[in-house]
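# Understanding the architecture of this molecule
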Amino acid sequence: MLHLPKCLFLLTASAQVQVEPVGRWFEAYIRRRNRNVSSSFQELEEEEESSEESADEEFQLEEYSMLRKLDPKDWKNQDHYAVLGLPHLRYKATQKQIKAAHKSIVLKHHPDKRKAAGEQIVEGDNDYFTCITKAVEILSDPVKRRAFDSVDPTFDNSVPSKSEGKENFFEGFAPVFERNARWSSKKHVPKLGTAESSFEEVDNFYSFWYNFDSWREFSYLDEEEKEKAECRDERRWIEKQNRASRAQRKKEEMNRIRTLVDTAYGCDPRIKKFKEEEKSRKESEKKAKAEAKKREQEEKERARRAELEAARLAKEKEEEEAKQAAQQAKKEKEIQKKAIKKERQKLRTMCKNWNYFADNEADSVKMMEEVEKLCDRLELTSLQSLNEELASGSKEENKAAVEKQVQEVNAQLQKEREAEIQARQAARSSEQASGGAGGGKGWNEEDLQLLIKAVNLFPAGTNARWEVIADYMNTHSTSGMKRTAKDVINKAKNLQRLDPVQKDEINRKAFEKFKKEHTSVPPSIDNAVPSERFDEEQKLLEQALKTYPVNTPERWEKIAAAVRGRSKKDCMKRYKELVEMVKAKKAAQEQVAAKNKK
């Protein structure tokens, strides 16, 4: 029996390792991936070389029937591949094939061979054999061959129309792209594909052709040859002309390729399908976004309504609590009011029972007033304590307690009265400080009355009203103070801010001064004529109407009191007469104005 060592059985588990190609193996991997084959690079090269060798061995020459009729001077317009018998291979022909074809055709058409056969030979470069020599010269040089291949006369430059592409897209455009792929500088040109091609494949195809890099150039078609130039300047001119013509042909070629790609892109059914899919995708995304936005708005609206509902409930709760608190406060106030009323009545009753602690009627009335003052000023607790003290004390004790309480209340009232007086004085002094801007001094009683008179004389709407009022005051004032329009406006505003009582007081003083000035007549006034007395009463009535405006309470009683010797009825009657006179005067003026217009 064979015993194997234990070490042979202790093998590790297999593991998969990823290996990346490097160097020439990486190049082989790239080419294999682009060609979509699985064979190695060496096998591919060997296969290509073997196929070329077999092709070299198997190719056959095609005799060019027009060879003997070619014009050697027009060699540039000949088909070099046809001259060598390679029209079927053309740009695919290898150098070995070109050399073999040249060797074969030389053996047959060389001038020495034909001369030995008895043919008549044209001397010099005028023999058609020159065309064979030129063909070999062009096709053996890679640069010259590239130039000739670029203008291959057998190449089809046509582009399918849109109508042809729409009818049969793949059959119409696939051979065209394959035909033009020979001009690509890049070796591996993507195929047009089929209707089942993916978006990436189609996008890669059109991206390649929209960025197509063509090696095709048109130097073979140069009309002038710079070698024939006689001088350097002529050679430069020829080069310039050739470059311009090449650039123009290159531009036309790229426009042709671009037209081909644009036409194919516009007719490609796959592009239409991809656009429809993209459109449907965007519409679905837009719809989903709109639905999401709608849901978000609905959520916000729901949250807003919930917030409003919560706020409403909180407000109702707060209002209910405030209402209950107000009702409770009202009840407490009512209870306190009843309790105060009860204590006041109790205080009055006990004081009345003691005859207000007085021995005579005058003291009793005085004490009664003091007791009423106590009832008005004392609070509930003070009234309760005072009533308790009065209920348990003697007459003298009760009298002393009441008098003590009266003294405290009077002292408090005195303090409040003094504080009020001080506040009024401070307000009056501040008003004088803010309104007395006439030369740094205040306004006296005469200036105030003059200001009131000027304001009434020059009502609102007067041109430059406040300047006119200031001039009027400076002219008629006896204080000698010069007032500006700004001073007059500030004082008028201060007077407007006064309370009605102060305004009435100022108007009353002004009227009394006016009345005094107009009634202080000499003793011989009794002998005055009735017309002078009527004028005096008229002035008194007008001044009284200005002093007591329409909103003055008991206006006509005050006016009648201001006009001596006239009753309320007389004053009202005279006022109506004056109103009728003013209306009649205005009507007469309007009639005169209307006649003048006619």
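Quick caveat: nothing in here was measured; it's all calculated off a predicted structure.

In terms of regular secondary structure, the protein chain is built from 22 helices and zero strands. Counting only residues that meet the buried cut, the protein chain has 28% of its 598 residues in that class. In the protein chain, 64% of the contacts between residues at least 6 apart in sequence involve partners at least 24 apart. Of the roughly 42800 Å² that the protein chain leaves accessible, carbon and sulfur atoms contribute 51%.

On to the side chain of Asn 180. Of note, Asn 180 is situated in helix α9 (residues 169–180). Judged by relative accessible area, Asn 180 falls into the buried class, the value being 0%. Only 2.6 Å separates the side chain of Asn 180 from the side chain of Arg 256, close enough to count as a polar contact. Setting aside anything within four residues of it in sequence, one finds Asn 180 in contact with Phe 155, Trp 209, Phe 212, Arg 256, Ile 257 and Leu 260.

Counting 25 residues, the largest nonpolar core has Leu 67, Leu 84, Ile 132 and Leu 139 as its most contacted members. Among the secondary structure elements, those contributing two or more residues to this core are α3 (80–83), α4 (95–109), α6 (129–140) and α7 (142–150). Among the elements that make up this core, the one with the highest residue count is α6 (seven residues). With residues near it in sequence (within four places) discarded, Leu 67 still touches Val 83, Ile 105, His 109, Tyr 128 and Ile 132. Trp 183, Val 202, Ile 271 and Phe 274 belong to the second-largest nonpolar core, a separate cluster that totals 23 residues.

Backbone geometry places Tyr 356, a non-glycine residue, at a positive phi of 55°. Residue position: Tyr 356 is located in the loop between α12 (269–353) and α13 (361–377). Accessibility expressed as a relative area gives 12% for Tyr 356, which makes it buried. Phi angles above zero are rare outside glycine, and Glu 554 is one such case at about 55°. Its location among the elements puts Glu 554 in the loop between α20 (530–547) and α21 (555–562).

With that settled, consider the packing of helix α16 (residues 445–457) against helix α17 (residues 465–476). Helix packing geometry: the angle between the two helix axes and the distance between the axes. Where α16 contacts α17, the axes come no closer than 10 Å and their chain directions differ by 135°. Here α17 runs oblique to α16, going by the angle between their axes. Between α16 and α17 lies a crossing of right-handed hand. Every residue of α17 that contacts α16 at Asp 447, Leu 450, Leu 451, Lys 453, Ala 454, Val 455 and Leu 457 is listed here: Arg 465, Trp 466, Ile 469, Tyr 472, Met 473 and His 476. Of the residues assigned to the contact of α16 with α17, the class counts are nine nonpolar, one polar and three charged.

Reading the values: the criteria
All residue numbers refer to position in the chain's written sequence, counted from 1. In view of the model being predicted, local features appear only for residues whose pLDDT reaches at least 70, and side-chain atom pairs are presented and counted only at 80 or more, with totals across whole chains, interfaces and linings using the full set of residues. Only hydrogens and water are set aside; all other atoms, that is, all heavy atoms of the structure, feed into the side-chain values. A helix here means a DSSP run of H or I that spans at least four residues, while a strand means a run of E at least two residues long, and both kinds are numbered starting from the N terminus. For each residue, the accessible area found with a 1.4 Å probe, counting protein chains only, is set against the maximum for its type, and the residue is called buried under 20%, exposed over 50%, and partly exposed in between. The contact definition used throughout considers only heavy atoms, calling two residues in contact when any of these lie within 4.5 Å. Surface accessibility follows the Shrake-Rupley procedure with a 1.4 Å probe radius. Residue values consider only the protein chains on display as shielding. Within 3.5 Å is the distance limit for a polar contact, defined as a pair of N or O atoms, with the added protein rule that one can donate a hydrogen and the other accept it, and that residues adjacent in sequence qualify only through two side-chain atoms. Residues enter a nonpolar core if they are buried and are Ala, Val, Leu, Ile, Met, Phe, Trp, Tyr or Cys, with the set joined through side-chain atoms within 4.5 Å. Here, axes are lines fitted to C-alpha atoms. For helices the fit covers the stretch in contact, and angles between N-to-C directions go from 0 to 180 degrees. Should an angle lie under 35 degrees it is considered roughly parallel, over 145 roughly antiparallel, and from 65 to 115 roughly perpendicular; all remaining angles are considered oblique. Two helices cross in a left-handed way if the nearer one is turned anticlockwise from the farther one by less than a right angle. They cross in a right-handed way if the turn is clockwise. By the convention adopted, Pro, Cys, Tyr, Trp, Phe, Met, Ile, Leu, Val and Ala count as nonpolar, Lys, Arg, Asp and Glu as charged, and the other residues, Gly among them, as polar.

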